[in-house]
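Here is how the chains run, residue by residue.
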Amino acid sequence: MIQDIKQRVAAINIETVPYILNNKKVTILERKVQLARGNEKLNLLLTYGLELLNAGKTEESIAVLDHVLEIIEDTNVRSKAELLYFIKKQLAIAYMRKAEQDNCIANHNEESCIIPLTRKAQHVVKDGAQQSIVLLKELLALNPNDLESQYLLNIASMTLGQYPENVPEEFRIPESYFSDTAEFPRFTDVAMSLGVDVNMKSGGTCVDDFSGDGYLDIIASSWGFNDQIRYFENDGMGGFTDRTSDSGLEGVTGGLNLRHADFNNDGHLDFIILRGAWLSVFGEIPNSLMRNNGDGTFTDVTKAAGIYSLNPTQTAVWVDINLDGWLDLFVANEWTEAKQSYCELFLNNGDGTFKNIAKDAGITVPGYFKGVASGDINNDLYPDLYLSNYDGPNTLYINTTEETGRPSFKIAGNAGVSNPKLSFPTWFFDYNNDGFEDIFVSGYSSSEILPSEMILRNIKSGSTEYRPLLYQNKGDNTFEEVSLEMNLTEPIATMGCNFGDLDNDGFLDFYLATGDPDFFSIVPNKMYHNLNGESFEDITYSGGFGHIQKGHAIGFGDLDMDGDQDIYAVMGGAVEGDVFRNLLFENPIGNKNNWINIVLEGKKSNRSAIGAKIVITVEEDNQERKIYNTVDSGASFGGNSLMAEIGLGKAAVIKKIEIHWPHSTMPISVFENIAVNQNIKIVEGGKIQKLNLHEVSLKKIPKHQH
């Protein structure tokens, strides 16, 4: 498989494909520039300068762009003013990227790039930001309505400690936008001190127990064709060990997203690597199904399992379509006129192999799908599917397997969930604990409107276009869009994301990572806190989550077994010069509220218990309430732990745990009067077992040893 992937990548005409293999493009362009003359040479020099920036050769890029600027200033060329403006703008962002490389990367610390910037996060090497500010002010003198330049001027000034006073009032983002509007404990990035701060491009993650010892491990990818998959094993003593080289993953590369589950019911978590996203006909690069051998190693079984295909994708979901106890795999592909890649539904044969039955099951709608999630909208236990389409209406498929007696779906035509524009990541969750699963879906950005412009439109005019959408399940197979009522009013270009319960109040919060590839898109990732299912409050800045580097896959999980969820975030952009260190936000809240961690193991049901519904009944202040949790890995671009980590609020005891197991026989387990604040395991048909997992203190490696 590795050789097959390398051969396919080698066959790509990289000059015609954006984002990829930037250093190779630089080499090709360098030769062309040397041979060219006249206007052809000038055009090539400009392209060369921009590609140098993409390749991370920022100082060389600045030198070339400066040279092109001088030539054009002394030459009578068509649309001269517009061209000069464009080049100065590229120089402004090149200087800003140089500032990031000199400070946030070369002198990285746990507060780097998190706004509002603390003194520790401000730049020590000031030249890059200073030069960027000079150019930005020139640009805004020529075009005061350039929102991207306005936004960058504010950020560049912050890095030097000159915001807000040195930003002209007409261009200034109000200080109130970055203020701590909600009280919430501040989380700290400890990835660097734990050695899990992979410094690569955008990618995926899985946070779960791959070693089988009960403690949560981390797998992270980067989408570059030669970027190594990384596996960090939790040592159960507060540290992580890099097991990449001895796990059989050495040489396994690439992948914009990862999805994990135990597909063969052997008790060991496997994962799939998804490839080819955004590349259309050049995305004919196979995914990789990595089987966990149970001895600390993984084996690529893609071809043996029968899921080898050459379709561009970044999104898939593990789900037991027919509730036969074996997890199936749905892969949502990116359909274009040039590369007509329909979705694939791989039915698990129960012997380690799969068969694609998408067409026979009624999954036929084409789309440029960037997200797919599964959930049970009508509480019949049979999982439904929601497909997020970047280039058209979204589709909700209702599972009709129980009616037809075979794996089948029908489109829910009147569900009311076809938006937003430029649709991207999505998930199912019960945000208001009413027993019906709701749908969250967020849009992205385009070449026409970048995230910085979205933000400033919102600040200046109150525009809520491009906001994420929240569809409340009405219980009759239809939904009501309630984002504005729930205080989700800010436009956010979301790529990776996920949800969890930060403060263990029993209501699910969520984190949105902004991963637009443009260098101007250094906008904050966002965190929202659920207020009793009645609204969401923005805790981005009070909680320390406002990181302005590119954010991608997000995984929630209790990595130190202290009862609250920590967050692993894969960072970095699309091009080779836009790398950044991954983050691990340690949750400081502790046992402010009570909690229960539940590991489910299916017998008739799939071993991972994906799709199992947990209903917990508690009593607080003499009031009984229910908390609903479905076992899965969360959002379409992220990888939460499959351990059900459930907040209980102030409840002193769990009155009842009810588990609806995902099998066609509809088994239910009921347990009463369970102690809070413990880690337990429940095997289908069995009793509660207390897990001997002790709380650990995350070890901090001294920076000079890292």
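Residues numbered from 1 in each chain as written. Predicted model: local features only at pLDDT ≥ 70, side-chain atom pairs only at ≥ 80, totals over all residues. Heavy atoms only, no water.

The protein has the name CRTAC1 family protein in an unreviewed UniProt entry, where Autumnicola lenta is given as its organism.

### Structural notes on helix α11 (residues 451-461)
Because each turn of an α-helix spans 3.6 residues, side chains separated by three or four positions in sequence point in the same direction. Selection criterion: Under the scheme applied here, a residue whose accessible area is under 20% of the maximum for its type counts as buried, over 50% as exposed, and between as partly exposed, the area being computed with a 1.4 Å probe on protein chains only. In this description a helix means any DSSP run of H or I spanning at least four residues, a strand means any run of E spanning at least two, and both kinds are numbered starting from the N terminus. In this description, contact between two residues means that some pair of their heavy atoms is separated by no more than 4.5 Å.
What α11 keeps buried is the set P451, S452, E453, M454, I455, L456 and N458. On its buried side, α11 packs onto α7 (147-159).

### With respect to the nonpolar core
Short version of the rule: Residue types Ala, Val, Leu, Ile, Met, Phe, Trp, Tyr and Cys, when buried and joined through side-chain atoms within 4.5 Å, form a set referred to as a nonpolar core.
With 84 residues, the main nonpolar core has L502, Y511, F545 and I567 as its most contacted residues. If you tally residues by element for this core, the top one is helix α5 (residues 80-105), at 12 residues. Every residue in contact with L502, bar those within four places of it in the chain, is listed here: F184, F187, D509, M527, I539, F545, F556, D564, I567, N587 and I589. Counting residues in each nonpolar core, the second largest holds 53 residues, with F271, A305, W318 and I659 among its members.

### As for the packing of aromatic side chains
One pair of aromatic rings is described through two measures. These are the centre distance and the angle between the planes. Using the following cut-off: The rule is short: rings of Phe, Tyr and Trp, with Trp giving its six-membered ring, pair when the centres are within 6.5 Å, and they are stacked under 30 degrees, edge-to-face over 60, tilted in between.
According to the stated counting rule, one finds 36 aromatic pairs in the structure shown. A ring pair is formed by F187 and F545, whose centres lie 4.8 Å apart and whose planes are at 50 degrees; its orientation type is tilted. Here the residue F187 occupies a position in the loop between α7 and β1 (188-189), and F545 occupies one in the loop between β26 (535-538) and β27 (551-557), the gap between them amounting to 358 residues. The residues F187 and F545 share a single accessibility class, namely buried. On the numbers, 5.8 Å between centres and 45 degrees between planes, the contact of F263 with F354 is tilted. Taken together, the positions of F263 in the loop between β7 (257-261) and β8 (270-274) and F354 in strand β14 (residues 354-356) put the pair 91 residues apart, joining distant regions of the chain. Each member of the pair, F263 as well as F354, carries the same accessibility label: buried.

### Considering the UniProt feature "domain: ASPIC/UnbV" (unreviewed entry) in the protein
Applied cut-off: UniProt positions are given in the numbering used here, feature names are shortened, and annotations may be inferred rather than shown by experiment.
As recorded in UniProt, the feature "domain: ASPIC/UnbV" (unreviewed entry) lies at residues 609-680. Secondary structure content for residues 609-680 is 0% helix and 57% strand, and the end C-alpha separation is 15 Å.

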